[in-house]
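Here's the letter readout for the chains.
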Amino acid sequence: MRVSVIIPCYNVEDHVEVAVRSVMDQTYADLDVFAVDDGSTDGTRAKLEALERSYPGRFRWVGGPRRGACAARNIGLANTTGEYVQFLDADDAILTDKIFRQVDLAKATEARQ
């Protein structure tokens, strides 16, 4: 069960690395991680480029003009392939087993139906 993690970004150069690493450190492996830079004017894009080099084939991102967080989320949805979606703000982080636990719960719920 593939899970897409979509990270909209705007001027979060001081935070985005923590957010992305919290996803990359997940115990659940079948992830499609995609960040959308929404017209940042700070060093966010440089951080995203470095993260893409650190996680080749596991982390992708795209940049564009400032259109707002909702538009960034929609761009992320259009560029990911997961059966489930986890939105993550770029100034936040998730615990290492969060996605594993949620997928486990989803599977258990499906089995009961």
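To be clear, the structure that these remarks concern was listed above.
Conventions adopted
Residues numbered from 1 in each chain as written. Predicted model: local features only at pLDDT ≥ 70, side-chain atom pairs only at ≥ 80, totals over all residues. Heavy atoms only, no water. Helix = DSSP H or I, 4+ residues; strand = E, 2+ residues; numbered from the N terminus. Rg over C-alpha atoms; globule rule 2.2 N^0.38 Å. Buried < 20%, exposed > 50% of the residue type's maximum accessible area, 1.4 Å probe, protein only. Lys, Arg positive; Asp, Glu negative; His and termini not counted. Charge placed at Lys NZ, Arg CZ, Asp CG, Glu CD. Core = buried A, V, L, I, M, F, W, Y, C linked by side-chain atoms within 4.5 Å. Contact = heavy atoms within 4.5 Å. Salt bridge = Lys/Arg side-chain N within 4 Å of Asp/Glu carboxyl O. Axes fitted to C-alpha atoms, helices over the stretch in contact; angles between N-to-C directions. Parallel < 35°, antiparallel > 145°, perpendicular 65-115°, else oblique. Left-handed = near helix turned anticlockwise from the far one by under 90°. Nonpolar A, V, L, I, M, F, W, Y, C, P; charged D, E, K, R; others polar.

Enquirer: Teacher, can you tell me more about the overall build of the protein chain here?
Expert: Each helix and strand counted, the protein chain has four helices and four strands in total. Along its sequence from the N terminus, the protein chain presents helices and strands in the succession β-α-β-α-β-α-β-α. At 14 Å, the protein chain has a C-alpha radius of gyration in line with the 13 Å of a compact globule built from 113 residues. For the protein chain, the C-alpha atoms occupy an extent of roughly 50 × 25 × 25 Å along the three principal directions. Residues classed as buried in the protein chain amount to 40% of the 113 residues present. Computing the positive centroid from 14 side-chain charges and the negative centroid from 18, the protein chain places the two 3 Å apart.

Enquirer: Just to check I follow, could you spell out the nonpolar core for this structure?
Expert: Nonpolar side chains in soluble globular proteins tend to end up buried together. Judged by nonpolar contacts, the single largest core of 24 residues is most densely connected at I7 and F59. Only β1 (3-9), α1 (16-24), β2 (31-38), α2 (44-54), β3 (59-64) and α4 (98-112) provide two or more residues apiece to this core. The dominant element in this core, judged by the number of residues it contributes, is α1, at five residues. What F59 contacts, discounting residues up to four positions off in sequence, is V20, M24, V33, A35, L48, L51 and E52.

Enquirer: It is not clear to me how the pattern of salt bridges should be interpreted in this structure. Could you clarify?
Expert: Where side chains of opposite charge bring their charged atoms close, a pairing between them can arise. Counted under the stated rule, the structure contains eight salt bridges. A salt bridge links R45 to D37; the nearest nitrogen and oxygen atoms lie 2.7 Å apart. Taking the relative accessible area as the measure of exposure, D37 reaches 1% and is therefore buried. Taking the shortest distance from any N to any O, the salt bridge between R73 and D89 comes out at 3.4 Å. With R73 in helix α3 (residues 69-78) and D89 in the loop between β4 (84-87) and α4, this residue pair connects regions lying 16 residues apart in the sequence. Judged by relative accessible area, which is 38%, D89 ranks as partly exposed. Look at the salt bridges and you will find they share partners, linking E17, R21 and K47 into a network.

Enquirer: Looking at this structure, how should I read the packing of α1 against α2?
Expert: When two helices pack together, you describe them by how their axes are tilted relative to each other and by the distance separating the axes. Interaxial distance between α1 and α2 falls to 10 Å at its minimum, and their mutual angle equals 25°. What the angle tells us is that α1 and α2 run roughly parallel. The hand of the α1/α2 crossing is right-handed. Every residue of α2 that contacts α1 at V16, E17, V20 and R21 is listed here: K47, L48, L51 and S54. Counted by class, the contact of α1 with α2 contains four nonpolar, one polar and three charged residues.

Interpretation note: all reported values are geometric properties and have no functional meaning in isolation.
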